[in-house]
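The residues making up each chain are set out below.
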Amino acid sequence: MATDSLTVAAPNPWQIAQHQFDLAADRLGLDPGLRSVLREPRRELTVHFPVHMDDGSVEVFTGYRVQHNLGRGPAKGGIRYHQNVSLDEVKALAMWMTWKCAVVGIPYGGGKGGVIVDPTALSPREVEGLTRRFTTEISVLIGPDRDIPAPDVNTNAQTMAWIMDTYSMHVGYTVPGVVTGKPVALGGSEGRREATGRGVTFCLEAAAAARHEKLEGQRVVLQGFGNVGSYFADSVRHHGVKLIAIGDAFGAVTSEAGIDVERALAWAGEHGTIKDLPGTNEIDPAGLLELDCDILVPAALENQITDRNAHNIKAAIVAEAANGPTTPEADRILADKGVFLIPDVLCNAGGVTVSYFEWVQDFSSFFWSEDEINVRLDKIMVDALKKIWDTADRHKISLRTATFAVACERILSAREERGLYP
Ligand code: NAD
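Residues numbered from 1 in each chain as written. Predicted model: local features only at pLDDT ≥ 70, side-chain atom pairs only at ≥ 80, totals over all residues. Heavy atoms only, no water.

Undergrad: Kindly report on unusual backbone geometry, identifying the contributing residues and their values.
TA: With an omega of 0 degrees, the peptide bond between Tyr-421 and Pro-422 qualifies as cis. With respect to the secondary-structure elements, Pro-422 resides in the segment after helix H13 (399-418). Look at Ser-365: it is not a glycine, yet its phi comes out positive at around 50 degrees. Note on placement: Ser-365 falls in the loop between helix H11 (350-364) and helix H12 (370-395). On the basis of relative accessibility, which here comes to 58%, the residue Ser-365 falls in the exposed class. (Helix = DSSP H or I, 4+ residues; strand = E, 2+ residues; numbered from the N terminus. Buried < 20%, exposed > 50% of the residue type's maximum accessible area, 1.4 Å probe, protein only.)

Below, the structure written as structure tokens:
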């Protein structure tokens, strides 16, 4: 049985992911066999690998690739470069990918990877060297029908191009389907870059509709202005919302009149941060999430909404664009306050959905237009939202628990059909 609260000093993402799962498994009366299978990852690989630095020295880095569950298809999940990456973080992210792929009904299991590195302290050549050697180390696991990485924090289309090239050099022919989130010129998909942010906007529209409200005029606070946050800002502005504050790893800015998104995108593109954006006021990033607003969108890292700040959150809707931004204690506090929380595995599932489209296009070498991508993405998001909303309503459970219910039902049914080997 899950205990009522976590007793960890600092939030550990893996303990949180397992705790969330235990709470949902208790609530859903999950089959004990499936429960014990899903509580642990299927495979965990740790690698320590050398990289030539520009000054002629050799530095050894540590990285991970974790496959959480492969019952419904190959592992799918991003690769993160960050100084705080740990095996526990990667395990949690891999587990969340299992739920996410099942929730949107795409034929993948969950995986994730990461390297302990601050890539901003490396030259582009060093990042390329690190990426190519890390790819070599994890190539015992990855492959277009085994495990397919994608971008995550501090990795992007260029990183995916290097992974794809390295893998292809090893096998002796070009394998576009080994990664998603590649440049379009290499078999990437139209609309992939924008997909996660677009999906978040999509969920917000649905949440507003469920609350008999319009998005127009709502005041939004956004944490994180990278791939997810910036494309979210770009898509949500067409709904007439007012983006009153944005924060990133370097600072936070606010404007009561609303931040000009185009200007913010151009500034961040040029300076690598939102900090010092002209026409805005600097604020202490520590207070960003507690600003008075209607919608709060954490789009950076885990454990941003905790028992320390959840009581002070003013937003009526929290859209979890990041993975794992809310601790279980904070979850409870927000629920008690009546906050409408759109859980990460649903809210940011647009990215993996278009990754799936990219993979399908790579296999058939036949590419779709952005309009076709968006029509298909919208259909999958609508179906997933409806299913989660209905499940939550029917069982009087939170949207987060409903995502577990839907995911577990699909994973269980795959397991029943396959049986247990040997
Ligand atoms: P990114 O590296 O492109 O951007 C991360 C952003 O967060 C940057 O603006 C960075 O400055 C900011 N940030 C980092 N540390 C911060 C801190 N301590 N406080 C405030 N801001 C901070 O990464 P991304 O791809 O946009 O990913 C963001 C989140 O979305 C992650 O949780 C990731 O797992 C999740 N996600 C990403 C995708 C995707 O398609 N890229 C898909 C689903 C979920």
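This is not the end of the story, as more comes after the structure.
Undergrad: So what about the pattern of salt bridges? Which residues, and what values?
TA: Applying the stated rule across the entire model yields 27 salt bridges. A salt bridge links Asp-147 to Arg-65; the nearest nitrogen and oxygen atoms lie 2.6 Å apart. Linking Asp-147 in strand S6 (residues 147-148) with Arg-65 in strand S2 (residues 58-69), this pair joins segments that are 82 residues apart in sequence. For the pair shown, Asp-147 and Arg-65 are each scored as buried. Arg-133 is paired through a salt bridge with Glu-137; the nearest N and O atoms lie 2.8 Å apart. In this pair, Arg-133 and Glu-137 both sit in helix H4 (residues 124-138), 4 residues apart, roughly one turn of the helix. (Salt bridge = Lys/Arg side-chain N within 4 Å of Asp/Glu carboxyl O.)

Undergrad: Tell me about the nonpolar core, and name the residues and values.
TA: Counting residues in each nonpolar core, the largest one holds 79 residues, and the members touching the most others are Phe-21, Trp-99, Leu-204, Leu-222, Val-297, Ile-342 and Leu-346. Non-local contacts of Leu-222, meaning those with residues more than four positions away in its chain, are made with Gly-229, Phe-232, Ala-233, Leu-243, Ala-245, Ile-246, Gly-247, Leu-288, Val-297 and Ala-299. If you look at the next biggest cluster of nonpolar residues, it comprises 23 residues, including Val-51, Ile-79, Val-117 and Met-164. (Core = buried A, V, L, I, M, F, W, Y, C linked by side-chain atoms within 4.5 Å. Contact = heavy atoms within 4.5 Å.)

Undergrad: Could you give an account of the site of the ligand, naming the residues involved and the relevant values?
TA: Among the 22 residues in the neighbourhood of the ligand, the closest are listed as Asp-152, Asn-154, Thr-196, Asn-227 and Asn-323. In the environment of the ligand, an oxygen atom lies 3.0 Å from a nitrogen or oxygen atom belonging to the backbone of Ala-249. Contacts to the ligand include Asn-323, whose side-chain N or O atom sits 2.8 Å from an oxygen atom. For the ligand, the accessible surface in isolation is 820 Å², of which the surrounding protein chains cover 84%. Residue assignment for the shell around the ligand shows that the elements contributing at least two residues are helix H6 (192-210) and helix H7 (227-236). A per-class count over the shell around the ligand returns 10 nonpolar, 8 polar and 4 charged. (Near = heavy atom within 4 Å. Polar contact = N/O pair within 3.5 Å; in protein donor to acceptor, adjacent residues only side chain to side chain. Areas by Shrake-Rupley, 256 points an atom, 1.4 Å probe, with all protein chains shown as cover. Nonpolar A, V, L, I, M, F, W, Y, C, P; charged D, E, K, R; others polar.)

Undergrad: Can you tell me about the packing of aromatic side chains, naming the residues and giving the values?
TA: The final tally for this structure, using the stated rule, is 12 aromatic pairs. Ring geometry for Phe-49 versus Phe-61: centroids 6.3 Å apart, planes at 35 degrees, classification tilted. Here Phe-49 is found in strand S1 (residues 43-52), whereas its partner Phe-61 is found in strand S2, with 12 residues between them in sequence. This pair shows no difference in class: Phe-49 is buried, exactly as Phe-61 is. An angle of 35 degrees between the planes, with centres 6.3 Å apart, marks the rings of Tyr-356 and Trp-359 as tilted. (Phe/Tyr/Trp six-rings, centres within 6.5 Å; stacked < 30°, edge-to-face > 60°.)

Undergrad: Describe the pairing of strand S4 (residues 79-82), with residues and values.
TA: Of the two faces of S4, both are covered, the one formed by Ile-79 and Tyr-81 as well as the one formed by Arg-80 and His-82. As paired strands, S4 and strand S5 (residues 109-116) are joined by 4 bridges and run parallel to one another. Opposite Tyr-81, over in S5, you have Val-115 as the bridge partner. (Pairing = 2+ DSSP bridges.)

Undergrad: Just give me the short version of a negative patch on the surface, but keep the residues and values in it.
TA: Residues Glu-190, Glu-370, Asp-371 and Glu-372 make up a contiguous surface patch of negative charge. By secondary structure assignment, the location of Glu-370 is in helix H12. (Patch = residues over 30% accessible without salt bridge, like charges linked within 9 Å, V, L, I, M, F, W, Y side chains within 5 Å. Lys, Arg positive; Asp, Glu negative; His and termini not counted. Charge placed at Lys NZ, Arg CZ, Asp CG, Glu CD.)

Undergrad: Which residues make up the pairing of strand S7 (residues 219-223), and what values go with them?
TA: Extensive coverage of S7 is indicated by the burial of 5 of its 5 residues. Covered by surrounding structure in S7 are Arg-219, Val-221 and Gln-223 together with Val-220 and Leu-222, the residues of both alternating faces. In this view, the connection linking S7 to its parallel neighbour strand S8 (residues 242-248) by way of H7 has right-handed handedness. (Right-handed = clockwise from strand over helix to strand, strands pointing away.)

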